Amino acid sequence: MFSALGHQQEGVIATQGAFAGFYAFSAPYRRRARVVVGLGCALAVAMAAGTLVASSAWVAVPVGAVLSAVAAGACLALRVGPPREYFIVFTFLIATALPQDAAACGYRARLVLLGALGAWLISMAGTLRDARAPEREAVDAALGAVARLLDAIGRPDRAPAARHAAVLAVQRAQESVADAGGAETPGGLELRRRADAAEALLEASLALMVERAPPLDPAWGRAVGALADGAWAAPVIPAPQQRPRVPAAVRLDAALRAAGSARRLDAPATPDGGETTTAEPSRWRVLWADLTDPRSPAPAVAVRLGVAVGLAGMLGYLLRAEHPTWIPLSAAAVLQGTNVALARQRALHRAAGTAVGVVVAAAVLAIEPGLVGLIVMVGLLQALTEAFILVSYGVAVVFITSLALLLLEIAGVGAAVHGLLDARLIDTALGCAIGFACGVLILPRRSRSRLAAVQARAIRTTSRALLAGLRGAPERERRAARRAVHLTLVTLDATQRDATGDALTSTTHADLDWPITHAVERLAHLSLALPLAAGDRPPPPPAALRDLELLLDDLASRTDGHAAPAPPPAAPAFLDWPRTERAVTALRDTVAEFSG
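Remember, predicted model here, so these are calculated numbers, not experimental data.

Taken as a whole, this structure holds seven aromatic pairs when the rule is applied. Here Phe19 and Phe90 contribute two aromatic rings whose centre-to-centre distance is 5.4 Å and whose plane-to-plane angle is 90 degrees, an arrangement assigned as edge-to-face. Note that Phe19 is positioned in the loop between α1 (8–18) and α2 (29–53) and Phe90 in helix α4 (residues 86–97), a separation of 71 residues in sequence. One exposure class covers both Phe19 and Phe90, and it is buried. On the numbers, 5.8 Å between centres and 65 degrees between planes, the contact of Phe87 with Phe90 is edge-to-face. With Phe87 and Phe90 both in helix α4 and three residues apart, the pair spans about one turn of that helix. Across the pair, exposure class does not vary: Phe87 and Phe90 are buried alike. Through a chain of ring-to-ring contacts, the aromatic side chains of Phe19, Phe22, Tyr86, Phe87 and Phe90 assemble into a single cluster.

Our next topic: the environment of Val36. For Val36, the position within the fold is in helix α2. By relative accessible area, Val36 is classed as buried at 1%. Taking C-alpha positions, Val36 is 9.5 Å from Ala18, a pair spaced 18 residues apart along the chain. Discounting chain neighbours no more than four positions away, the residues touching Val36 are Ala20, Tyr23, Ala116, Ala119, Trp120 and Ser123.

Take the side chain of Thr461 next. Secondary-structure assignment places Thr461 in helix α19 (residues 446–470). By relative accessible area, Thr461 is classed as buried at 7%. What Thr461 contacts, discounting residues up to four positions off in sequence, is Ala484, Val485 and Thr488.

A side chain of one charge can pair with a side chain of the opposite charge when the charged atoms of the two come close. Counting across every chain of the model gives 16 salt bridges. Here Arg132 ties to Glu135 by a salt bridge, and the two come within 2.5 Å at their closest N and O atoms. For Asp253, the salt bridge goes to Arg257, with nearest N and O atoms at 2.6 Å. Here Asp253 pairs with Arg257, and both are found in helix α10 (residues 248–259), just four residues apart, close to one helical turn.

How each quantity is defined
Residues numbered from 1 in each chain as written. Predicted model: local features only at pLDDT ≥ 70, side-chain atom pairs only at ≥ 80, totals over all residues. Heavy atoms only, no water. Phe/Tyr/Trp six-rings, centres within 6.5 Å; stacked < 30°, edge-to-face > 60°. Helix = DSSP H or I, 4+ residues; strand = E, 2+ residues; numbered from the N terminus. Buried < 20%, exposed > 50% of the residue type's maximum accessible area, 1.4 Å probe, protein only. Contact = heavy atoms within 4.5 Å. Salt bridge = Lys/Arg side-chain N within 4 Å of Asp/Glu carboxyl O.

What follows is the structure, encoded as structure tokens:
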């Protein structure tokens, strides 16, 4: 709009606020509204800061480094997904490339907020059609993942991947419903119970895997898949002869019937089987812990990005590059991942995507499309960036590169077509090299030490769920404990992948830690698979449960680096719970061999 009225620079500045719409576009609208507002304010601050310091490279570089570090740490701690802090850094660097005018910082910040307002209105437009669509889609995705898990049971080549996908999808569904306001919002009670139904079906499926059930009749997967398609009133329950001959099959049948029962969806919550309310730490306490915990990924990522942007920015000014912002922008793009493997992959994608994007931008500028043509291309590139940023980073970089160059051209600070290719490719190579080097050399063992802490936390969380199930605690307590296990499994898997991705920075390969993770996951899945009622067998004696609690606490301490000189105690005997005894013994032996 501004460009159409002849105010090209104002149009470019307002466009920076529109980048806020790139975030949380699959999240529930309640969370999406907060994220877009927060990012819009952050982009306005970045624009104001860049405008204020643009006149002095010796000020702009350290300010940019600090801003990048703060943005990276905050985005990780606040669980802001891709593209995370990238567009905050992008906006700051664009501000330093605009004509210097420190007095315009407030005006430019307001323009960014205006662009963010437009992005917010577009992001929230879906509420007019279906305000519950995101969380409903998340619940349907969870049910679909459980259906695929049922199809994979008894097939060792498919079951582990299907199990991980189902645990992750169910956890996402629970988080999505919670982010949307839970049962207290219109339609929230139904979605909460459907998410609970997906959780119950997952746990029944895990019980079948624990009992080594043979491949199931495809009717079970089809029945759960029908729930994902909205057939809640009367699902087709497989016949008794289609039920696998293992005890957990009764649990699967009951979970499927409960999921499809209209009574389950319409009845008020009961004190011992409906809504669960668990005491959770405040959001700000969690944020502060993530920012200050030395083994949290947020501080390490913040330091790496801050140093990389600072070094790349200084290099750009020392080399007297035509647009020194391109080098730190490339470094920031490389460090979007949380481990070295992702940084290496991003460096390659950034280099290849930039090469193609520069060619595209040069081709557009060579035909001299005029202001209207450039505006149309910017809108198209923004749409393409949003469509591909979560699907393929390399493809998204093509559009981001072209978008940045065309925005600079509209603002009147772009480069001529001649020399554009060489300059941008060299700048990109330098930025990628700096970003990758910082990812490798700065705090290289952070993910490894964090893995030990997460493994220990997972053992303690699993211990609470296991003990609650074995002693026959009330269902409310068991459900809360199982949900904590779901969350810790997702965190454990992500942390293990980060540690493995950083393995090339350590003399000891991080895959050596995988046996502990595998043993923890095995025990965790068993804790999720315990029957809802232990009436078919007596609970273990209290002395055995106390010994189990002490053993698991000891194993958690050893995993976290607090090794004792003596070997861990033997696992207590559970005569009526042989699978539990085997899983605990396996974890005990694995920790004794690999911890420390």
